[in-house]
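# Secondary and tertiary structure notes
Here's the letter readout for the chains.
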Amino acid sequence: PMHISLLSLIAILPINFVLGVLILVRDSRLRSNQYFSVSIFFICLWALGDIFLLGAKNALLVDSGAFLFYVGPLFTALFLVLFTIHFLNRPSKKIRTYEVILALATIALGFTIALFPQLLPKDVQHVVGGNNLVTVEHGGWLVYSAFCSTYFGLSYFILFIKFRR
């Protein structure tokens, strides 16, 4: 039998995808809608990666799942920050320097994870009848966690400031 966490991810993934599409269909001209939809699509990749990482028995699928599981949140966090920057603002075509810096930092970390996959998951143990067990590399995990926490925290901070106005 499949573990409940995998079943939940499999059930939620298409719902999130449809939500992302519906936001774009509603008004794809708004940059905030574009960024929010893209963040939802990366949440879908994150979930897909989690499904493969925890449930797959094929080494290639597990490795691909690990990549998606670790890179998905990076870009989810980036596009959430970009969404919060543009949310409730007048539409603008101008891309600001700090937006480019945030994107380049995310891309750089994503490439680092792609080139050096051992920086995060150190080992994956296959468990018969259960989820795979993942052992992480602490140094890489600390950098990764700090990066994601900073971006997610920045998203909340920007929203907090916007709603205080």
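Now for a quick tour of the structure. (Residues numbered from 1 in each chain as written. Predicted model: local features only at pLDDT ≥ 70, side-chain atom pairs only at ≥ 80, totals over all residues. Heavy atoms only, no water.)

### Here we look at helix α3 (residues 59-86)
Stated precisely, the cut-off is as follows: What counts as a helix is a DSSP run of H or I of at least four residues, what counts as a strand is a run of E of at least two, and both are numbered from the N terminus. The length a helix should cover is 1.5 Å for every residue beyond the first. Definition of a polar contact: a pair of N or O atoms within 3.5 Å, with one able to donate and the other able to accept a hydrogen when the atoms are protein atoms, and with sequence-neighbouring residues admitted only if both atoms are side-chain atoms.
Compared with an ideal rise of 1.5 Å per residue, which puts 28 residues at 40 Å, α3 spans 41 Å between its outermost C-alpha atoms and is within 8% of the ideal. Between the side-chain oxygen at the start of α3 and the backbone nitrogen of Leu60 there is a gap of 2.8 Å, and the oxygen is on Asn58. Positive phi shows up at Leu88, right after α3, with a value of about 70°.

### Brief notes about the packing of aromatic side chains
Threshold: Only Phe, Tyr and Trp rings are paired, with Trp represented by its six-membered ring, and only when their centres lie within 6.5 Å; those with planes under 30 degrees apart are stacked, over 60 edge-to-face, the remainder tilted. Burial classification: accessible surface area is computed with a 1.4 Å probe over protein chains only, and a residue below 20% of its type maximum counts as buried, one above 50% as exposed, and the rest as partly exposed.
Per the counting criterion, the structure on display carries 12 aromatic pairs. Both rings, one in Phe17 and one in Phe41, keep their centres 5.3 Å apart while their planes meet at 40°; by these two values the pair is tilted. In this pair, Phe17 sits in helix α1 (residues 4-26) while Phe41 sits in helix α2 (residues 31-55), placing the two residues 24 residues apart along the sequence. On the basis of relative accessible area, Phe17 is assigned to the partly exposed category, the value being 44%. Taking the relative accessible area as the measure of exposure, Phe41 reaches 22% and is therefore partly exposed.

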